[in-house]
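One letter stands for each residue in the lines below.
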Amino acid sequence: MKKKAADLRSARWFAPDDLRSFGHRSRMMQLGYSEADFVGKPIIGVLNTWSELNSCHGHFRERAQDVKRGVAQAGGFAVELPSISVDESFTKPTSMLYRNLLAMETEEQIRAHPLDGVVLMGGCDKTTPGLIMGALTAGVPMIYLPAGPMLRGHYAGKILGSGSDAWKYWDERRAGNITDEEWLGIQGGIARSVGTCMTMGTASTMTAIADAVGLTLPGASSIPAADAGHQRMGADCGRRIVDMVWEDLTPDRIVTDASVKNAAIVAMATGCSTNAVVHLIAMARRAGVDLTLDDLDALGRVTPLIANVRPAGKDYLMEDFFYAGGLRALMAQLKDRLDLSCLTVSGKTMGENLEGAQVWNDDVIRPLSNPVYHEGSLAVLRGNLCPDGAVIKPAACDPKFHVHEGPALVFDSYPDMKKAVDDEDLDITPDHVMVLRNAGPLGGPGFPEWGMLPIPKALIKQGHRDMLRISDARMSGTSYGACVLHVAPEAFTGGPLALLKTGDIVRLDLPNRRLDMLVDEAELERRRAAWTPPEPRYARGWGWMFSRHVTQADKGCDFDYLERGFGAAAGEPDIF
């Protein structure tokens, strides 16, 4: 049944004929609007994470206008609200420190203002989970508008991929194989348009998850930022959100156990970023879905990787993925594995949204009979080094490291590690296991993307480009290599990683999902008794608050008091 104008949430601000509505209407008139502009119409919040320091969202000023155009065409009234940008490139020590801040801001912006529905404009890594987590808790109708990937990079006749080629050519530069002129050319050619990283990094992973869970218009996550279709999609979002308000189509009807499972399957098939684990768990828990590491590992074991997109794929980038049919085409390949009855923001089921989807290049989007990799892109490890779990991206590392045993070389800080890897006389072999600790949610602080530890220059000079690396950090979704990440509990809290010593033998057994230090329990108990907690990273402010309440990697790194199980969401604000 269609909602009536008197039932709009915003009517509490504007409908009653009393002094409070006088004040609200008066201020709207102060902004230059007549009552005919907004009274009795759905008021749509356009939450925009644009910033002059966020190149991924450089087109969002214009795109917000496309959204507003669509809202007006559908009979709504749009208001744009700025949101913290949490850009990946410039926010230090890590944008992950502020994901939950964006979630809190989103929830409270929606609750505190006369908004009947929202269009969430994000794309750069943490903006997708942050915006969605807050909006899920707020509960009003919502559509996610993904920023879209940038165009593929180019230099000297070669195609460049975000992040992946930065690491690749940096190693070559460290080996003395690249000149200053070449390095400058790569620097200018690798990012040549607005939009997010065009590899299947965290940004493209998370927008694909938003698409697969049903929170974007069908296939919206694949449209390149610079494509004219992206403008049309923005206006489509504006028109559709107005209808969603009248239909009272709220996110709790869309984000369910079944749709979260759909999103996890699709993520595995895309060659997703390891960061998907942390963010999808946090998003799911906001929706009351108890998603666990073991659930993700089980899906990873049976879901083939069929998106031949770097870094897990070998040849292509997100622009190629779009031309090959995009996410709708990939999901059509997975139809028999998905719950097609799930409702989406389109008002239709996932099955209806996939009708007519075709693959135009089956080397980019592979059939299930010819996958890039026979299992999904992520695996979850357990063992005495990571009793609460760790993750690895098997398809993005040399298979010879899937079963590996070697002596640990342990670093307590990134500066110590960086100094060592630049030492050409470092005593290290390709069999060593490099370990960085105190880089987790509390230790980093903020869980930075330090986990793709640089290959030591001594090994680079010998021609080696991969080795087993372990940390309680994250790594960029554009990264690759034999990197074990998200070790939980983290070393900073006294997790077993804190007890590891240089020279201890570490064993990775990927087929059996094990990661262990070969140290007897009595010795570990002696080390545990001698361990002393480090000083807290923060004494005040946001960092202090973050440190008091953030959960560990295996729980999604949300704040404990923001999870759905902590208590009921706040009701509507009093208006007197």
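Residues numbered from 1 in each chain as written. Predicted model: local features only at pLDDT ≥ 70, side-chain atom pairs only at ≥ 80, totals over all residues. Heavy atoms only, no water.

Colleague: Give me the lowdown on the overall build of the protein, citing residues and values where you can.
Modeller: Of the regular secondary structure elements, the protein holds 20 helices and 14 strands. Dimensions of the protein along its principal axes, counting C-alpha atoms only, are 80 × 55 × 45 Å. A burial count over the protein gives 60% of its 576 residues as buried. The long-range fraction of contacts in the protein, counting pairs at least 24 apart against all pairs at least 6 apart in sequence, stands at 76%. Counting every atom, the protein has about 22000 Å² of accessible surface; 51% of that belongs to carbon and sulfur. (Helix = DSSP H or I, 4+ residues; strand = E, 2+ residues; numbered from the N terminus. Buried < 20%, exposed > 50% of the residue type's maximum accessible area, 1.4 Å probe, protein only. Contact = heavy atoms within 4.5 Å. Areas by Shrake-Rupley, 256 points an atom, 1.4 Å probe, with all protein chains shown as cover.)

Colleague: How would you sum up the sheet that holds strand 10 (residues 433–436)? Please name residues and give values.
Modeller: Spatially, the eight strands line up as an open sheet ordered 7-8-12-11-10-9-13-14, and their pairing is mixed. In this open sheet, the two strands that pair with only one neighbour each are strand 7 (379–381) and strand 14 (514–517). For this sheet, the mean inter-axis angle between neighbouring strands, taken without regard to orientation, is 30°. In the sheet, strand 8 (residues 389–392) pairs with strand 12 (residues 483–488) via two bridges, with the strands oriented antiparallel. The residue of strand 12 that forms the bridge with Val391 is Leu485. (Pairing = 2+ DSSP bridges. Axes fitted to C-alpha atoms, helices over the stretch in contact; angles between N-to-C directions.)

Colleague: Quick rundown of the side chain of Thr196? Include the residues and the values.
Modeller: Take Thr196: it is sitting in the loop between helix 8 (180–189) and helix 9 (202–212). In this view, Thr196 contacts Cys56, Gly123, Cys124, Ala147, Gly148, Pro149, Met150, Ala203 and Ser204; residues no more than four positions away in its chain are not counted.

Colleague: How would you explain the packing of aromatic side chains if you had to name every residue and give the values?
Modeller: Counted by the stated rule, this structure contains nine aromatic pairs. Summarising the aromatic geometry, the rings of Phe14 and Phe38 are spaced 5.0 Å apart at their centres and angled 55° between planes, so their arrangement reads as tilted. With Phe14 in helix 1 (residues 11–14) and Phe38 in helix 3 (residues 35–38), this pair connects stretches of sequence that are 24 residues apart. Residue Phe38 is classed as buried on the basis of its relative accessible area, which comes to 1%. Each ring, one from Trp542 and one from Phe559, has its centre 5.5 Å from the other, and the planes form 50°; the classification is tilted. (Phe/Tyr/Trp six-rings, centres within 6.5 Å; stacked < 30°, edge-to-face > 60°.)

Colleague: Outline the pairing of strand 12, supporting the account with residue identities and numerical values.
Modeller: Buried residues dominate strand 12, accounting for six of its six residues. Looking at chain direction, strand 11 (residues 469–471) and strand 12 are connected through two bridges and run parallel. Following the sheet pairing, Arg469 is matched in strand 12 by Cys483.

Colleague: Account for helix 15 (residues 326–333), naming residues and giving values.
Modeller: For helix 15, the buried fraction is high: six of the eight residues fall into the buried class. When we look at burial in helix 15, the residues that qualify are Gly326, Leu327, Ala329, Leu330, Met331 and Ala332. Summarising the contacts, the buried residues of helix 15 are in contact with helix 9, helix 11 (257–270), helix 14 (318–323) and helix 16 (350–354).

Colleague: Requested: an account of the nonpolar core, with residues and values cited.
Modeller: Leu120, Ile132, Phe321 and Leu330 are the most contacted members of the largest nonpolar core, which has 109 residues in total. Of the residues forming this core, the biggest block, eight residues, is contributed by helix 11. With residues near it in sequence (within four places) discarded, Phe321 still touches Ser222, Ala307, Val309, Gly326, Leu327, Leu330, Val364 and Ile365. Of all hydrophobic cores here, the second largest spans 29 residues; its members include Val433, Leu499, Leu508 and Val519. (Core = buried A, V, L, I, M, F, W, Y, C linked by side-chain atoms within 4.5 Å.)

Colleague: Any chance you could break down the sheet that holds strand 3 (residues 117–122) for me, citing the residues and the numbers?
Modeller: Ordered in space as 2-1-3-4, the four strands form an open sheet in which the pairing is parallel. Each of the sheet's edge strands pairs with one partner strand only, and the pair in question is strand 2 (77–82) and strand 4 (142–146). Averaged over all pairs of adjacent strands, the angle between their axes in this sheet comes to 20°, without regard to strand direction. Pairing between strand 3 and strand 4: five bridges, direction parallel. When the bridges of strand 4 are listed, Val119 appears paired with Ile143. Sheet contacts for helix 6 (residues 127–138): strand 3 and strand 4; angle to strand 4, the most-contacted strand, approximately 175°. Of the strands in this sheet, strand 1 (43–48), strand 3 and strand 4 are in contact with helix 10 (residues 228–247), which crosses strand 4 at around 175°.

Colleague: Can you tell me about helix 8, naming the residues and giving the values?
Modeller: Residues spaced three or four apart along an α-helix point in a common direction, a consequence of the helix completing one turn every 3.6 residues. For helix 8, every residue scored as buried is listed here: Gly185, Ile186 and Gly189. Taken end-on, helix 8 shows its buried residues confined to a sector of 100°, consistent with a single buried face. Away from the buried face of helix 8 by more than 90 degrees, exposed residues Asp180, Leu184, Gln187 and Gly188 are located. Against strand 5 (153–155), strand 6 (158–160) and helix 7 (164–174) lie the buried residues of helix 8. (Arc of directions from axis to C-beta.)

Colleague: Pulling in residues and values, what's your account of the layout of surface pockets?
Modeller: Estimates place the volume of the largest pocket at around 1200 Å³. Mapped by element, the contributors of at least two residues to the lining of the largest pocket are helix 7, helix 8 and helix 9. Of the residues that constitute the lining of the largest pocket, the class distribution is 20 nonpolar, 17 polar and five charged. (1 Å grid on protein atoms, 1.4 Å probe; cavity = no way out; pocket = protein on both sides within 12 Å on 5 of 7 lines; lining within 4 Å. Points joined across faces, edges and corners; volume = space filled by probe spheres on them. Nonpolar A, V, L, I, M, F, W, Y, C, P; charged D, E, K, R; others polar.)

The quantities given are spatial measurements derived from coordinates; they are silent on function.
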